Amino acid sequence: MKLESNLPKQSPWLYTAPLLNTILLLLVYFLFSSGFVQHSGITVEHPQSNSRLTGFDRAHIITIAAGMENSLYFDGVRITTTELREKLKAHREGERRAIIHADKQAPFGRVIEIGNMALDLGYEVAHSTVPPKS
């Protein structure tokens, strides 16, 4: 005895729609999740620390490069200390947070000077580090 279905044949496109939805959701997830990592675009060698940086996803990025000139960058644009103070004053609205990306060879006094400037202007300041190698 052979059983036969009385239901009409289903289109093969019916089964590809859930597969396409899954692929699209994975694609969107990976595209948007990579934007959560903050990078300034300037290469610096960070010091090591066990600390965790949370809540600074929309912060301004201040980068202090190593070398004789101690180049200073604000959100990827090279500026002077005076220009940095003016830019920090101008960004009164929104998130008042700053991440300092300082090279481990940058003078410590310069790093503290820039951090204090941001603190004096009402910013929350965090220093960027990398986890220690195991």
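Scroll up to find the structure.
Below, the structure is looked at part by part.

**A closer look at the overall build of the chain**
Logical step 1: Helix and strand counts for the chain come out as three helices and five strands.
Logical step 2: Looking at the chain as a whole, 28% of its 134 residues qualify as buried.
Logical step 3: Within the chain, contacts between residues at least 6 apart in sequence are counted, and of these 69% link residues at least 24 apart.

**Examining the nonpolar core**
Logical step 1: Ranked by size, the top nonpolar core spans 17 residues in total, and within it Ile62, Ile64, Leu84, Leu88, Ile100 and Ile114 carry the most contacts.
Logical step 2: Breaking this core down by element, the ones donating at least two residues are β1 (60-64), β2 (72-74), α2 (81-90), β4 (97-102) and α3 (108-120).
Logical step 3: Excluding residues within four positions of it along the chain, Ile114 makes contact with Ile62, Ile64, Leu72, Thr81, Leu84 and Ile100.

**Description of the sheet that holds β1**
Logical step 1: In space, the five strands of this open sheet follow the order β3-β2-β1-β4-β5, with mixed pairing throughout. Two strands bound the open sheet, and with one partner strand each, they are β3 (77-79) and β5 (124-127). Averaged over all pairs of adjacent strands, the angle between strand axes in this sheet comes to 30 degrees, irrespective of strand direction.
Logical step 2: The sheet contact formed by β2 and β3 spans three bridges and is antiparallel. Residue pairing for β3: Leu72 is matched across the bridge by Ile79.
Logical step 3: Set on the sheet, α2 makes contact with β1, β2 and β3; between it and β2 the angle comes to about 20 degrees.

**Description of unusual backbone geometry**
Logical step 1: The backbone phi angle of Asp75 is positive, close to 50 degrees, even though this residue is not glycine.
Logical step 2: In this fold, Asp75 is placed in the loop between β2 and β3.

Rules and cut-offs
- Residues numbered from 1 in each chain as written.
- Predicted model: local features only at pLDDT ≥ 70, side-chain atom pairs only at ≥ 80, totals over all residues.
- Heavy atoms only, no water.
- Helix = DSSP H or I, 4+ residues; strand = E, 2+ residues; numbered from the N terminus.
- Buried < 20%, exposed > 50% of the residue type's maximum accessible area, 1.4 Å probe, protein only.
- Contact = heavy atoms within 4.5 Å.
- Core = buried A, V, L, I, M, F, W, Y, C linked by side-chain atoms within 4.5 Å.
- Pairing = 2+ DSSP bridges.
- Axes fitted to C-alpha atoms, helices over the stretch in contact; angles between N-to-C directions.

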